[in-house]
Each structure stands twice: as C-alpha cells, then as structure tokens.
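Okay, here's what each chain looks like letter by letter:
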Amino acid sequence: MLFQKAAIVALAGACYANANKHKSLRPRGRHLSRFGQDCRVVKANFDYNDGTPDEIKCFCEVNLPGPENMGRGREVLAELFDFDDCEGAESAVTEISSSNGFDYDGESNTVHIPPGSTISKKNRGGGVESNGRRRLATVGQKTVLVVRAEFFDASTGSTIATLGDEVFGTNGDVINLKSQYDACSYGQLTFSPVADGTTFSNGVDSSANSLNGVITVSNPSFNVIGQGDGVVREEMRRLVGGRKGNDINNQYHMLCIPPGTTGGWIGYAYINYWLSVYNDNWCNYPSIQMHEIGHNIGLGHAGETATYDDQSGMMGYSYSSDEGPVMCFNAAKTFQLGWFNNNYVIQQSDSEAFNLEYPMIGFAQREVASAGDIMILRLMSTTLSKDFYVHFNAQIGFNSGTREAGNQVMVAERPPGVGYAASTLRSKLSAGLSYTIVGFGAQGDLIITVDSINTSSTPRVAFVRFEYGSPAPPTFQPT
C-alpha cells in the first residue's frame, strides 16, 4: 500500500530552526495594504511528497477591510515574513504588534513586517482567548464542514455525496474521520457533519447550503492551476464567509482544494485551530483526515528514525487508502488527549517504587479490562528532561490495522509536558526482551522488561516489569 507524508501545519513551540527562511524580498511593483492591528500567529509545518524538505511557516490571522461579515472585514491567514521568533511563538495563542504596522500583499497572500519596525509579543492567557474563542478541546461533540470548490479551470474531484460518505459515512463507508475518532475515544470525542441546510454566505457574491456536512463554493472567474495553495485556500474561505461559524469552539472546517496548485503537498492543518486543508482526493482518506484533525487538537508528529515513521498510529505516515489503516494513536498522543485517565500510572524518576510489574492491556480492550489493568505508564525523568511512555499495542478491534509493533510493548519519548510536541519511538519489545533508559534518574538506569505477552486471553495482556539496575542475563530452557 502506498503511504505518503502529510503536509501539515504543525504549530508547535520547538519547530522553527532557521529564522532566515522567513525573511524575503519585499514585493515590488505591487500595492501593499498597511494595517495596524495585532497579528495572531498561527504556525504551520508543511511536508511534501516530492522530495522538498519539510518546513515550518508562520501565518498571521488578520481581518482585512471589506464588506463581508457585517462590516467586520474578512479574516485571512496570510504567510508571515520577516518575523524572527517563529520558534518562540505559541500557535493560535501568541499575538505580535509592529510599531510600523504590517503590510499585506493580496496577490501572494503574504504579510510583511516593514523595515525598522519594533516587534512586541504577548500571549493570550488562561486557555480562553480574548475574542471569546476557546482553545479547541480533545473531548466533546464537534461539528465539521467539508468544503469543495468549482473554479474556472479546476474543481474538487469528489462530489458532495462522495465526500459526505468518506468523511462521515453518510452512505455506508465504514472507516472514516467520524467512525474512527468515535471508536478510538470510546465516544468521548465525536465529529459529526454540520446540519443539512446550514447556510454559509459571505454576504456579497456567494451562498451555499450544506448537505451531508459538505458544501460547494464556486467562482467561475478564479483560476487554480499554477496558484499557490494559500491563494486558493483564502478564496475558498472568502466564499464560505470568512469567519462565519468559526467563532464557535466546536466547529471545524476541512477544505478540499482542487488539483493544480504548486508544490508536492498533500495536506496540512493548523494547530490549536479549526482549519485543515487537503490536496483534492486526499480529502477522502481516513488516515490523513485523522492526522490533520489531530494537529487541530494539538498533536505533533510521531517518528522513529524520521519525522513520520512511527507507523503504529495516525500521527505517522498518511496512506492513500479508503478504508484504513484501522488504528489510533501511540501512548504519548493518547495520554495527551486525556481519554483514559483511569488507566494510567505516572512514575517520577526520583521515585523509589521501581521494582514493579504491571499488567498492560491495549487501548481497544478497555471494556473487558479488570481492576488494576494499565494502558499507559508515563515515566517522567527530571534527569533527562524527557517523558517516556510505555504501552501494549494490542492489535485488535479499532487498532487491528496498526502498521507497526502489533502485539508488542512500545516505548516512546517526548519532551516534558502534554502540549504540542513530536514523539519518538525508542523500542518495540516482544516477550523476554528489555529496554534500558540510560541515566533515567538519580538511582541510575531504568530497565523495562516484558516478562510475558498473552494474546489468547481476554483481554490480551502483557506483563511488564520496571526496575533500576542491570537487566538479568537471559535464561534458556534445556534442550
């Protein structure tokens, strides 16, 4: 099965390595609109399938003057140049102001900081932003609007009926965004289509009613082929009505861009935000749907030796497959989502309680778990400034299609905390194998040993032992 990386708007803290990438020649010979309002920074991590290295981009969320939205102006996400602290900005939380304002180039949909400007930065605090929009949560009932487009030279390849089925299962599709998030969270996080007949209008030249959670927007004078994805994205957002509906915490928008834009991107999503974007038919595939919405709700990538190659869950590669793979997320992501708080154990590196064995079960078997069965062990190392996550990747139920480490015990690490961050898979253990976290705490190395794995029991269970010191030499049965 073909798998490809998803182009992702990953708005994390530790993501921008080269500030000079965000410096550019200012547009010449174009009319630039100067505005003085604050710019809310939204960060984007683009990845490609044409060999182009992945890159982090900062965007500026700003209202442009215009008749749309009852005189409020039209909200756009424009790529932000000449900003040297993209790495230090927290996506959808950090606001910056410029002493000389900002310049907007409508032709390229970019924002530039005028030379000689003094930049100040502030964060909207408390998790509730000043404009009334809450930071998007990882539990609850959410609605989704899927947007397809018909333009002069290109249209989204899938029909309203097809997209409704592929995203929500409205005509019997089995594996999709709605079904898999519902299964993985045991109903704690659900994505449903916006109500049929909901009207989306920019109040000027566009109006559409939703069907099966999908609308079609059109502009017969707009060209797609050869345009950057950002220009097409903002035209689709303009036709939908800019901010209409998006001030509601529980509504997400998925834009299915027609084919023909430049670059080898396949999809991206804004972290701590409500918008994800897909290159034409990639809108149809459940792995990228879950991956990009995962970024919306704050999840980073899952890697092993590269950015995406932890294939045990949906924050690794995306796959051009209609009905799978049937899997969820690794332990680091699942802990961050907060879905199974009664099945966690947390141990600090300064704890003396490390001579323990836990029965560990998979995420898909919570309903048959016994008291004391553990899904995730979080190991917090103050010495290494890392958190380690251990779980049993039982290959069953809604995780039956996991592409890596099926029915093995996995050890992953990530930076401390539960905010946006990439995770790295460190070990995949079968019965009888051990993994050592060198220098875990003041008492030395921590040894993780899988004593046994039983895939015939209900639930499937792995007995995993944690202890300081050196692992015992293997014992062999006489022949």
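Note that the structure is a prediction, hence the values are computed from the model and not measured.

1. Focus: the environment of D322
- Relative to the assigned elements, D322 resides in the loop between β19 (318-319) and α5 (331-337).
- Classification of D322 by relative accessible area gives partly exposed; the value is 30%.
- Sequence separation of D322 and W282 is 40 residues, and the distance between their C-alpha atoms is 9.7 Å.
- Among residues more than four places away in sequence, those in contact with D322 are E166, D173, I175, N284, Y285 and P286.

2. As for the state of the cysteines
- Considering all chains together, one arrives at 4 disulfides under this definition.
- Across the disulfide from C58 sits C86; the S-S distance is 2.2 Å. Its S-S torsion of approximately 105 degrees makes the covalent link between C58 and C86 right-handed. Residue C58 is located in strand β4 (residues 55-64), and its partner C86 is located in the loop between β5 (74-81) and β6 (94-98); the two are separated by 28 residues in the primary sequence.
- Within the chain, bonded cysteines paired by disulfides and numbered along the sequence follow the pattern 1-3, 2-4, 5-8, 6-7.

3. Some words on the pattern of salt bridges
- The tally for this structure, following the rule as stated, stands at 18 salt bridges.
- Notably, a salt bridge pairs R465 with D451, separated by 2.7 Å at the nearest N-O pair. Here R465, found in strand β28 (residues 461-468), pairs with D451, found in strand β27 (residues 444-454); they are 14 residues apart in sequence, far enough to count as distant.
- Residue classification places R465 among the partly exposed positions, given a relative accessible area of 24%.

4. Notes on helix α1 (residues 160-168)
- Of all the residues in α1, the buried ones are L163, G164, D165, E166, V167 and F168.
- Here the buried face of α1 lies against β10 (140-151), α2 (177-184), β11 (189-193), β14 (214-219), β15 (251-257) and α4 (286-296).
- Once α1 ends, the next one or two residues include G169, with phi positive near 70 degrees.

5. A few points about the nonpolar core
- With 80 residues, the main nonpolar core has V146, L177, Y181, M236, Y270 and F329 as its most contacted residues.
- Among the elements that line this core, the one with the most residues is β10, at 6 residues.
- Once you skip the residues sitting within four places of it in the chain, V146 turns out to touch L163, V167, F168, G213, V214, I215, M254 and C256.
- L377, L379, I437 and F440 belong to the second largest nonpolar core, which has 24 residues in total.

6. A closer look at the packing of aromatic side chains
- By the definition in use, this model includes 22 aromatic pairs.
- Ring centres 5.5 Å apart and planes at 80 degrees place the aromatic pair Y186 and F398 in the edge-to-face group. A residue pair is termed long-range when its members are at least 10 positions apart, and Y186 in the loop between α2 and β11 and F398 in the loop between β23 (386-392) and β24 (409-414) qualify at 212 residues.
- On the numbers, 6.0 Å between centres and 75 degrees between planes, the contact of Y268 with Y270 is edge-to-face. Comparing Y268 with Y270 shows no difference in burial state: the two are buried.
- Linked through ring pairs, Y181, Y186, F191, Y252, F329, W339, F340, F363 and F398 together constitute an aromatic cluster.
- Directly above the aromatic system of Y186 lies the positively charged group of R366, at a separation of 4.3 Å from the ring centroid.
- Stacked on the ring of Y319, the Lys or Arg R403 has its end atom at 4.6 Å from the ring centre.

7. Notes on the side chain of D373
- The topology assignment puts D373 in the loop between β21 (355-360) and β22 (376-381).
- No salt bridge is formed by the buried D373. Its closest oppositely charged neighbour is R366, at 11 Å.
- Reaching out from D373, the side chain makes a polar contact with the backbone nitrogen of S370 at a distance of 2.7 Å.

8. Some details on the sheet that holds β24
- The sheet built from 6 strands is open, its strands ordered β18-β25-β24-β23-β22-β20 with mixed pairing. Since the sheet does not close on itself, it has two edges, and those belong to β18 (302-303) and β20 (344-348), each with one partner.
- Sheet topology places β20 next to β22; 5 bridges connect them, and they run parallel. Along β22, the bridge assignment pairs Q348 with M380.

9. Comments concerning the side chain of T94
- In this fold, T94 is placed in strand β6.
- Assessed through its relative accessible area of 0%, T94 is described here as buried.
- Polar side-chain contacts of T94 include one of 2.8 Å to the backbone nitrogen of E90.
- Polar contacts involving the side chain of T94 include one to the side chain of N123, which spans 2.7 Å.

10. Topic: α4
- Most of α4 sits out of view: 11 of its 11 residues are buried.
- Buried residues of α4: P286, S287, I288, Q289, M290, H291, E292, I293, G294, H295 and N296, and no others.
- Of the residues one or two after α4, G298 is the one with positive phi, at around 105 degrees.

11. Examining the confidence of the model for the chain
- Residue-level pLDDT values for the chain average 85, and 84% of them are 70 or greater.
- Note that residues 67-72 has pLDDT below 50 and, in this model, 16 contacts with residues that lie over four places away or in other chains.

12. Some points on the sheet that holds strand β8 (residues 110-112)
- Overall, mixed pairing links the 8 strands, which are arranged β2-β7-β8-β5-β4-β3-β6-β9 in an open sheet. If you trace the sheet from one side to the other, it starts and ends with β2 (33-35) and β9 (119-123), each paired once. Geometrically, the sheet is characterised by an average inter-axis angle of 40 degrees between neighbouring strands, direction not taken into account.
- In this structure, strand β3 (residues 39-46) lies alongside β6, joined through 2 bridges in antiparallel fashion. Across the sheet, C39 pairs through a bridge with I96, a residue of β6.

Here is what the cut-offs are and how they apply
Residues numbered from 1 in each chain as written. Predicted model: local features only at pLDDT ≥ 70, side-chain atom pairs only at ≥ 80, totals over all residues. Heavy atoms only, no water. Helix = DSSP H or I, 4+ residues; strand = E, 2+ residues; numbered from the N terminus. Buried < 20%, exposed > 50% of the residue type's maximum accessible area, 1.4 Å probe, protein only. Contact = heavy atoms within 4.5 Å. Disulfide = S-S within 2.5 Å. Salt bridge = Lys/Arg side-chain N within 4 Å of Asp/Glu carboxyl O. Core = buried A, V, L, I, M, F, W, Y, C linked by side-chain atoms within 4.5 Å. Phe/Tyr/Trp six-rings, centres within 6.5 Å; stacked < 30°, edge-to-face > 60°. Lys NZ or Arg CZ within 6 Å of the ring centre and 35° of its normal. Lys, Arg positive; Asp, Glu negative; His and termini not counted. Polar contact = N/O pair within 3.5 Å; in protein donor to acceptor, adjacent residues only side chain to side chain. Pairing = 2+ DSSP bridges. pLDDT = per-residue confidence, 0-100. Axes fitted to C-alpha atoms, helices over the stretch in contact; angles between N-to-C directions.

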